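Fold and geometry: a report
Listed below are the residues making up each chain.
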Amino acid sequence: MSGILAPFAFEFMQRAFVAALVVGLLCSMMGTYVVLRKLAFIGDGLAHASFAGIAIAYLRGLNYAFGAGVVAVVTALSIGFVHRRAKVSLDTSIGVLFTGAFALGIFVMSRSARSTVDLQSYLFGDILGVSRGDLIVIVVLALLVAFVVASLYRPLLYTSFDPTVAQASGIHATFVDDVLLVLLSLTIIVSLQSVGIILVAALLVTPAAAAAQLTRRFVPMLLLSGVFGIISSVGGLYLSYELRSASGATIVLLATLIFFASIGVSAVRRRRVSP
Amino acid sequence: MNVVEARDVRVQYERVTALDGVNLTLTSGIALGIVGPNGSGKSTLLKAIAGLVLPAAGTVTVFGRSPRDLPPGTIGYVPQIEDVDWQFPANVRDVVAMGRYPRLGPFARFGAEDRAAVDRALAALDLTALAQRHISQLSGGQQQRAFVARAIAQEPKLLLLDEPTTGVDAATEDALMHLIRSLVKNGLPVLMTTHDLDRAPEWFDRLIVVDRRVLADGDPATVLEGGTYSAIREHTHVHGHLRADRGPE
């Protein structure tokens, strides 16, 4: 193979592209809920918190996704619990818990003599290092998240818009909130290896924010966000191959570019409507 | 079975007692008006019945069950114009359609019956022409109507309305109350808070005066003639807020 298909000649690149496609789609569609519910800070927080799980799993020789998953889910549910029970505001409760968990990760690492090189890849992402086993975990978790989101589609939408009335009419809003946080944790874990802890929050926010500039209906926003997510992740990975740049950073930069382009398009459209 | 039954209900927000010793029963097919000064606990009473706040003491049952254990879609609730995000990606029809969501199970189709219920609710609130309009482009009164339409589309067994006539023009108020009267006539029990004492006798079958507890209860004209409401309002005007008089319990 040559020309534009050159990157696909390598098996590790094929795996990377599949991972990018899944991660881009999943993050950007979950991102619709993140943006509408103003959970951007939670996304960032959970990603950082999962570092503790990765560090512990790494030192114990366990699967990273398992370690990150346990810590992220526990943190997600604790954030909700502390917020509701201790009457601490949501952003404060996130701020306390995620930095605490992130610090735990660094603490555990610092007491270990083992090399920290591998962990770097979780901070910044290493999509080219996705193994066949990693890919299976990514795909299975993504399908699980997609299934639960589809089954809770209406409760999620209703509680995103008007949790009080949704609750009064018989939808268990706090249950839906908790499920969403768990799904968000799983989404982040699926994405960690591809884009890394620092950058995953961007994929959860930027494509959906770009979509929100261009449409005022929910389903089109969800779909458009998914399209932007895929363009960013797959396009970004391709560009990173051509430009020999870091894949995670290239993916996020492309998403950022799409966001600003959307703002531009939206501004032009508004000017045409009201001259 | 009584539609609503509240026994010795006390609701506490931190150190403020919003309701204390409230007893109330509501039977089917009547419109019950709730009046009381600002901060008297009117809205809290509706929230307790909707299961949104849990009583610190006493019990609330709706159709014999705790409000949170009711089948989805039983209670239709229209809060005061609230702080939802009006930039949310939804038009009027999308919002009214949400009224059907509680009844629909996972993966259930939004069927012809659901669409018909949404159409009827839009028509009943005179919103058909605005159905495709984004919610941020509505006036306050139109937003209020959209929320009432959502509750109507839900086809609830009990309708709770928190000052739905506040901030709407006279024509909308008349249309709204005409609609509510017709729902009541068809057997739907309605609880509604209001400040409009003049209209209360024509709107409601029964009126209660609430100020942390139920101070008067009965036929609207009789209750208003009894002077309980004007007395507490007078008291509020002379001495400032009632809560401040009583202090924390």
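Residues numbered from 1 in each chain as written. Chains lettered and ligands numbered in written order. Predicted model: local features only at pLDDT ≥ 70, side-chain atom pairs only at ≥ 80, totals over all residues. Heavy atoms only, no water.

Quick look at the nonpolar core
Using the following cut-off: Among the buried residues, those of types Ala, Val, Leu, Ile, Met, Phe, Trp, Tyr and Cys that are joined through side-chain atoms within 4.5 Å form a nonpolar core. Residue burial is assigned from relative accessible area. The probe radius is 1.4 Å, only protein chains are included, and a residue is buried under 20% of its type maximum, exposed over 50%, and partly exposed in between. Each helix is a run of DSSP H or I of at least 4 residues and each strand a run of E of at least 2, with the numbering of both proceeding from the N terminus. Source of the domain bounds: an automatic or database domain assignment. Working rule for contacts: check all heavy atoms of both residues, and any pair within 4.5 Å makes them a contact.
Formed by 156 residues in total, the largest nonpolar core has its most connected members in L45, I49, L158, L160, V190 and L191 of chain B. Per-element accounting of this core gives the leading share, 13 residues, to helix α1 (residues 11-36) of chain A. Per-domain counts for this core show at least three residues from each of domain 1 (1-74 + 158-249) and domain 2 (81-155) of chain B. When sequence neighbours within four positions are dropped, the list of residues in contact with L191 of chain B reads V4, L24, L26, L32, I34, L46, I49, L158, L159, L160 and L161 of chain B.

Things to note about the sheet that holds strand β6 (residues 158-162) of chain B
All names here are of chain B. Selection criterion: A pair of strands is labelled paired if DSSP reports no fewer than 2 bridges between them. For helices, the fitted line uses only the C-alpha atoms of the stretch in contact; every axis is such a line through C-alpha atoms, and the angle between N-to-C directions lies from 0 to 180 degrees.
As summarised here, the arrangement of the six strands in space is β5-β6-β7-β3-β8-β9, forming an open sheet in which the pairing is mixed. Strand pairing shows two members of the sheet lacking a second neighbour, β5 (75-78) and β9 (213-218), which therefore form its edges. Pairs of neighbouring strands in the sheet enclose a mean axial angle of 15°, with direction left out of account. As paired elements, β5 and β6 share four bridges and run parallel to each other. Among the inter-strand pairings, Y77 is bridged to a residue of β6, identified as L160. Set on the sheet, helix α1 (residues 42-50) makes contact with β3 (31-35), β5, β6, β7 (190-193) and β8 (206-211); between it and β6 the angle comes to about 150°. Seen against the sheet, helix α4 (residues 140-153) touches β5 and β6 and runs at an angle of roughly 180° to β5.

A word on the domain arrangement of chain B
Residue and element names in this part refer to chain B. Inclusion rule: By convention, the term buried area covers the 1.4 Å-probe accessible surface removed from two parts as they join, with the contributions of both added. The term salt bridge refers to a side-chain nitrogen of Lys or Arg lying within 4 Å of a carboxyl oxygen of Asp or Glu.
Domain parsing of chain B yields domain 1 (1-74 + 158-249) and domain 2 (81-155). Summarising the inter-unit geometry, the C-alpha centres of domain 1 and domain 2 are found 25 Å apart. With 14 residues of domain 1 at the interface, the matching set in domain 2 holds twelve residues. Taken over both partners, the interface formed by domain 1 and domain 2 buries close to 880 Å², and the fraction arising from carbon and sulfur atoms is 72%. Linking domain 1 with domain 2 are zero salt bridges, by the criterion used here. At the level of secondary structure, the elements contributing two or more residues to the side of domain 1 that touches domain 2 comprise β6 and α5 (170-185). A per-element tally of the side of domain 1 that touches domain 2 places α5 first, with four residues.

What to know about the interface of chain A and chain B
Which entries qualify depends on this criterion: Residues adjacent in sequence count toward polar contacts only when both atoms are side-chain atoms; beyond that, a polar contact is any pair of N or O atoms within 3.5 Å, and within protein one must be able to donate a hydrogen and the other to accept it.
Taken together, the contact between chain A and chain B spans 24 residues of the former and 38 residues of the latter. A combined buried area of about 2,500 Å² lies between chain A and chain B, and 62% of that area is made up of carbon and sulfur atoms. Looking only at chain A, the three residues that lose the most surface to chain B are R154, F161 and R216 of chain A, adding up to 33% of its buried area. Linking chain A with chain B are ten residue pairs in polar contact (both at pLDDT 80 or more), by the criterion used here. At the level of elements, α6 (132-151), α7 (153-161), α8 (163-168) and α11 (218-243) of chain A are the ones that each hand at least two residues to the side of chain A that touches chain B. At five residues, the largest contribution of residues to the side of chain A that touches chain B is made by α7 of chain A.

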